[in-house]
Structures are given as structure tokens and as C-alpha cells.
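Structural characterization, general
As a plain string of letters, each chain reads:
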Amino acid sequence: MRRKSFGAVMIAAIAFASFAIPVLASDQELATGERLAAVLRAGRSVISNHQSLINDESIAEKNLPGQRVVDEALELYAQREGKSLEPENLSDLDKQLFEAQIAAMREIVDENQDLIDAEGIGFKGFIPAIFARLVNERFAEKVGNLAQTKVTAPVDIVRNRKATPDEWERNVLESKFQTSAWERGKPYFDEVEKNGKPAFRMLIPEYYSASCLTCHGQPKGEVDVTGYPKEGGAEGDLAGAISITLFR
């Protein structure tokens, strides 16, 4: 029987190892994903904090331009993370993603100034969920070949079809986040293909806070101010997840 050369054996072994052992996510990818999610959450919180102002029909000039929202979001990020976000300390890629996300926030708020400042109109519909979706879409327009961000939820409570979880997200939500064994708040990440490209994917669970229950709480089925039926959720229930994709 003819023996294989040492070189051929080594090539085969390397090929098998490359196939059998997936590349683990780097600390940098984890940090990037967590930062993108944290900045998005901070911006969303700023819009939530200003809901009474946005919906005040008696005030025409709200003085809530995009730059103010960005500044307050970065201040809130620093409070939550215990440190400010310094772009000069980021890698070139992370700086590009950060600048695109911040620009998306600023643009979305500025483009909705007429709505925000509309006098004589109470509820404007410019709520945190809408803000986040629009920011994520604008972010994708800017860096879609590099990264994507999305807010999704389990299929039985997702409200906007654009937020419907894809197969990977749905599987993580159902097999991980919706089980009693999953550690509360713990993100899940994996190495998978998306749109035919290898990618690092990360899903970060989110839970209803007391302020969420005005629209998502009891009684279940009652139509809320946005026109959707309430989910009947309780404080602490799984509300959804922030999905981060970093293409490789």
C-alpha cells in the first residue's frame, strides 16, 4: 500500500482542523457589538426621556435637534458604562462604525424636526422603537457591507414586520432567551453566514421595564396609544433583543 507523503498528511490535517474547529469570536468583536448596542440603547433612552416634550402640542419649538440627542446619548452612555466613549481610542473600523451610528442618530432626529415641533398635535408617533428602527436602517445604508444593527423580538410579540426575527435570531430567542435555564441579560454570539458572507453575530436580550408597560403591559389585547394591541407583558419579561452583525 502506497504511503502518503508527510506534506499531504499535514495538508489534510490542517484542512480538517479548519473545518472542524470554528474560529472563536475575538474580544474586539465582542467589544464592538456591545458598544453598538449600548450606544443605540442610550439614544433610544434619550428619546424616551423626552417623550412628554415631543408630544407637547402647546410647544412649537422643542429645541431637540439631532446634535442635542447625540450629546445626551453619549453622556448617558458614559454614565452607564462608567467611562466616556473616546473615538480616538477606537480602531479604524470601530471609529467608522461609531461615526456612522452617531451620524444616523443625528440625521434621523433632524429629518423629523417638523414632526417633533408640530404644534397642535399631541402624540407624534416618534417613539423610541421607531427612532431605533430608523437609526438602524440609516446605519445599514452607511456601512451595510461591514455591519448591521437591528431590534427584534419573539414572533408572537414582534410589532413591525421589519423587526421580524430571521431564522438565526428566532432560534436564539426560542432555544436560549425564552428558557428558564438562560442567565438573565447574558448575550449570545456565534460564527455564522449571513447573506452569503461569514459573520460574527450577537444577540443581546432586553426586558420590559415599568415604563414599557404603558404600551406593552396589561390588559392584554387593549389597543395602546400607538394603535397596537398590548402584549400583556410584566416588568422583567423578555421584550426582545438587539441583534448585531459584523461581517468578516
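Refer to the structure presented above.
Below is a short write-up of the structure.

For the protein, the helix and strand inventory stands at 9 helices and 4 strands. Order of helices (α) and strands (β) in the protein, N terminus to C terminus: α-α-α-α-α-α-α-β-α-β-β-α-β. Among the 248 residues that make up the protein, the fraction classed as buried is 40%. For the protein, long-range pairs separated by at least 24 residues make up 68% of all intrachain contacts whose partners lie at least 6 apart in sequence. Accessible area for the protein stands at about 13,700 Å²; split by element, carbon and sulfur atoms hold 53% of it.

This next bit is on the side chain of E231. Take E231: it is sitting in the loop between α9 (213-216) and β4 (238-247). A relative accessible area of 15% places E231 in the buried class. Reaching out from E231, the side chain makes a polar contact with the side chain of R159 at a distance of 2.7 Å. Looking at E231, its side chain comes within polar contact range of the side chain of H216, at 2.8 Å. Look past the residues within four positions of E231 in its chain and what remains in contact with it is I157, R159, Y208, C215, H216, G217 and K220.

Attention shifts here to helix α8 (residues 167-177). Buried within α8 are the following residues: W168, E169, V172, L173 and F177. On an axial view of α8, the arc spanned by its buried residues comes to 135°, and they lie on one face. The inward-facing, buried residues of α8 contact β1 (147-152), β2 (188-194), β3 (197-207) and β4. N-cap assignment for α8: the residue whose side-chain oxygen lies 3.2 Å from the backbone N of W168 is D166.

What follows deals with the sheet that holds β2. Two pairing modes exist for strands in a sheet, parallel and antiparallel, and in both the strands are linked by backbone hydrogen bonds. Pairing is antiparallel in the open sheet, where 4 strands are placed in the order β1-β4-β3-β2. Edge positions in the sheet fall to β1 and β2, since each has one partner strand and no second. This sheet shows a mean twist of 25° between the axes of neighbouring strands, independent of strand direction. Of the strand pairs in this sheet, β2 and β3 are connected by 7 bridges, and their pairing is antiparallel. Bridged to K194 within β3 is K197. Set on the sheet, α8 makes contact with β1, β2, β3 and β4; between it and β3 the angle comes to about 45°.

The next point concerns the packing of helix α2 (residues 27-49) against helix α4 (residues 66-81). Contact geometry for α2 and α4: axes closest at 8 Å, N-to-C directions at 120°. Here α2 lies oblique to α4, going by the angle between them. Taken as a pair, α2 and α4 cross one another with a handedness that is right-handed. Residue-level contacts link R35, A38, V39, R41, A42, G43, S45, V46 and I47 of α2 to V69, E72, A73, L76, Y77, R80 and E81 of α4. Among the residues forming the contact of α2 with α4, the class breakdown is 9 nonpolar, 2 polar and 5 charged.

This next bit is on the nonpolar core. Core analysis: the biggest nonpolar cluster contains 40 residues, and F126 and F131 have the highest contact counts within it. Sorting the residues of this core by element identifies α2, α4, α5 (92-111), α7 (128-143), β3 and β4 as the ones contributing at least two each. For this core, the element with the most residues is α2, which contributes 9 residues.

Cut-offs and rules
Residues numbered from 1 in each chain as written. Predicted model: local features only at pLDDT ≥ 70, side-chain atom pairs only at ≥ 80, totals over all residues. Heavy atoms only, no water. Helix = DSSP H or I, 4+ residues; strand = E, 2+ residues; numbered from the N terminus. Buried < 20%, exposed > 50% of the residue type's maximum accessible area, 1.4 Å probe, protein only. Contact = heavy atoms within 4.5 Å. Areas by Shrake-Rupley, 256 points an atom, 1.4 Å probe, with all protein chains shown as cover. Polar contact = N/O pair within 3.5 Å; in protein donor to acceptor, adjacent residues only side chain to side chain. Arc of directions from axis to C-beta. Pairing = 2+ DSSP bridges. Axes fitted to C-alpha atoms, helices over the stretch in contact; angles between N-to-C directions. Parallel < 35°, antiparallel > 145°, perpendicular 65-115°, else oblique. Left-handed = near helix turned anticlockwise from the far one by under 90°. Nonpolar A, V, L, I, M, F, W, Y, C, P; charged D, E, K, R; others polar. Core = buried A, V, L, I, M, F, W, Y, C linked by side-chain atoms within 4.5 Å.

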